[in-house]
Structures are given as C-alpha cells and as structure tokens.
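Notes for the structure review
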Amino acid sequence: MLTFILAAGYLFTVYLLLALAKKTGNKSAPRNLPATNPEKHNQDMTVTHQVTEF
C-alpha cells in the first residue's frame, strides 16, 4: 500500500513539473529574433572566407 502511495505521488509530481515546464517554456523565446519579431527589418550580411595554404 505504501508503494502505491509513493508511486502515485511521484507520478503526480512529475506531471506537475512537466506542466510547469511547458507553461514557462512557451514564454522563454527571445523577442528580438526576426522569426519572433516581424517588425524588424532583415539585415543583409555577407560572409567572406579567407583561406591560406601552408
């Protein structure tokens, strides 16, 4: 009987922690990324590679 109570308490705790993580995980996205903030303009960036041979 004690094992059943402990197992139920463990499952309930895990369920609550997962629900809390899901709730807080949705709000943690940065707001200055272009995908999350369409008001910002995209910046054109060029990348040049400089290769040297030894």
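You'll find the structure just up there.
Here's a quick rundown of the structure. (Residues numbered from 1 in each chain as written. Predicted model: local features only at pLDDT ≥ 70, side-chain atom pairs only at ≥ 80, totals over all residues. Heavy atoms only, no water.)

All right, on to the overall build of the chain then. Each helix and strand counted, the chain has 1 helix and 0 strands in total. Looking at the chain residue by residue over its 54 residues, the buried ones come to 2%. Entry remark: accessible area of the chain is about 6,100 Å², with carbon and sulfur atoms responsible for 63%. (Helix = DSSP H or I, 4+ residues; strand = E, 2+ residues; numbered from the N terminus. Buried < 20%, exposed > 50% of the residue type's maximum accessible area, 1.4 Å probe, protein only. Areas by Shrake-Rupley, 256 points an atom, 1.4 Å probe, with all protein chains shown as cover.)

On to helix H1 (residues 2-25). Between its first and last C-alpha atoms H1 spans 34 Å; for 24 residues at 1.5 Å apiece the expected length is 34 Å, and the two agree. Across the 24 residues that make up H1, only a small minority, 0, are buried. (Expected span 1.5 Å × (residues − 1).)

Let us look at a nonpolar patch on the surface. On the surface, Tyr10, Leu11, Val14 and Leu18 cluster together into a nonpolar patch covering about 430 Å² of accessible area. Tracing the sequence through the fold places Leu18 in helix H1. By relative accessible area, Leu18 is classed as exposed at 58%. (Patch = residues over 30% accessible without salt bridge, like charges linked within 9 Å, V, L, I, M, F, W, Y side chains within 5 Å. Salt bridge = Lys/Arg side-chain N within 4 Å of Asp/Glu carboxyl O.)

Limitation: the analysis is restricted to geometry and does not speak to function.
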